[in-house]
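# An overview of the molecular structure
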Amino acid sequence: INFKNDGTIEGNAGCNIFSGNYLTEGVAISVRNIQSTEKACLQPDGIMEQETQFLIALNSIKTYRIEGNNLEFRNADDAIALSMIKKQLN
């Protein structure tokens, strides 16, 4: 996922490319207008279900926390929706 300074978000959900908008205020975050390409991937097994679950989780995030290279998103029930590790660019 790439959170750009202009309030847009983009990334690869596993098979498809997605984009949208985000807004932060303190530790609150909202993600809106997520759109993705509609390619169907057959391999590896389960990739499309994983992608669907990822996009559902992304749409559910309400707060975030950054600790070192770790980024954690929580939903409205304060359950972890997504947890990520920052990739070091070469």
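Our structure is the block above this text.
Fair warning: this is a prediction, and the values are worked out from it, not measured in the lab.

Criteria and cut-off values
Residues numbered from 1 in each chain as written. Predicted model: local features only at pLDDT ≥ 70, side-chain atom pairs only at ≥ 80, totals over all residues. Heavy atoms only, no water. Disulfide = S-S within 2.5 Å. Helix = DSSP H or I, 4+ residues; strand = E, 2+ residues; numbered from the N terminus. Pairing = 2+ DSSP bridges. 1 Å grid on protein atoms, 1.4 Å probe; cavity = no way out; pocket = protein on both sides within 12 Å on 5 of 7 lines; lining within 4 Å. Points joined across faces, edges and corners; volume = space filled by probe spheres on them. Nonpolar A, V, L, I, M, F, W, Y, C, P; charged D, E, K, R; others polar. Phe/Tyr/Trp six-rings, centres within 6.5 Å; stacked < 30°, edge-to-face > 60°. Buried < 20%, exposed > 50% of the residue type's maximum accessible area, 1.4 Å probe, protein only. Salt bridge = Lys/Arg side-chain N within 4 Å of Asp/Glu carboxyl O.

Next up on the list: the state of the cysteines. By the definition in use, this model includes one disulfide. For cysteine 15, the disulfide goes to cysteine 41, at an S-S distance of 1.9 Å. Taking the sign of the torsion about the S-S bond as the criterion, the disulfide between cysteine 15 and cysteine 41, at about 80 degrees, is right-handed. Taken together, the residues cysteine 15 in the loop between β2 (8-12) and β3 (17-25) and cysteine 41 in the loop between β4 (28-36) and α1 (47-60) connect sequence positions 26 residues apart.

What follows covers the pairing of β4. Both β3 and β4 contribute to a ladder of seven bridges, which runs antiparallel. Within β4, the position partnered with glutamate 25 by the bridge is alanine 28. Here β3 hands over to β4 after two residues, with glycine 26 in that stretch at a positive phi of 65 degrees.

With that settled, consider the layout of surface pockets. Volume-wise, the largest pocket comes out at about 610 Å³. Along the walls of the largest pocket sit 19 residues, with Ile1, Phe3, Leu71, Lys86 and Lys87 positioned nearest its centre. Split by residue class, the lining of the largest pocket holds eleven nonpolar, six polar and two charged.

A word on the packing of aromatic side chains. The description of two aromatic rings rests on the distance between their centres and on the angle between their planes. In total, this model carries three aromatic pairs according to the counting rule given. Pairing phenylalanine 3 with tyrosine 22 gives two aromatic rings, centres 5.0 Å apart and planes at 90 degrees, and the pair type is edge-to-face. In this pair, phenylalanine 3 is assigned in strand β1 (residues 2-3) and tyrosine 22 in strand β3, connecting sequence segments 19 residues apart. The class of phenylalanine 3 is partly exposed, set by a relative accessible area of 24%. Note on phenylalanine 3 and phenylalanine 73: the rings are 5.9 Å apart at their centroids and 35 degrees apart in plane angle, and the pair reads as tilted.

If you walk through the whole model with that rule in mind, you get four salt bridges. We note a salt bridge from arginine 65 to glutamate 67, for which the minimum N-O separation is 3.9 Å. Overall, the relative accessible area of 46% leaves arginine 65 in the partly exposed class. For glutamate 67, a relative accessible area of 52% corresponds to the exposed category. A salt bridge links glutamate 72 to arginine 74; the nearest nitrogen and oxygen atoms lie 3.0 Å apart. Looking at glutamate 72, the relative accessible area reads 15%, which means it is buried. Overlapping salt bridges bring together Arg65, Glu67, Glu72 and Arg74 as one network.

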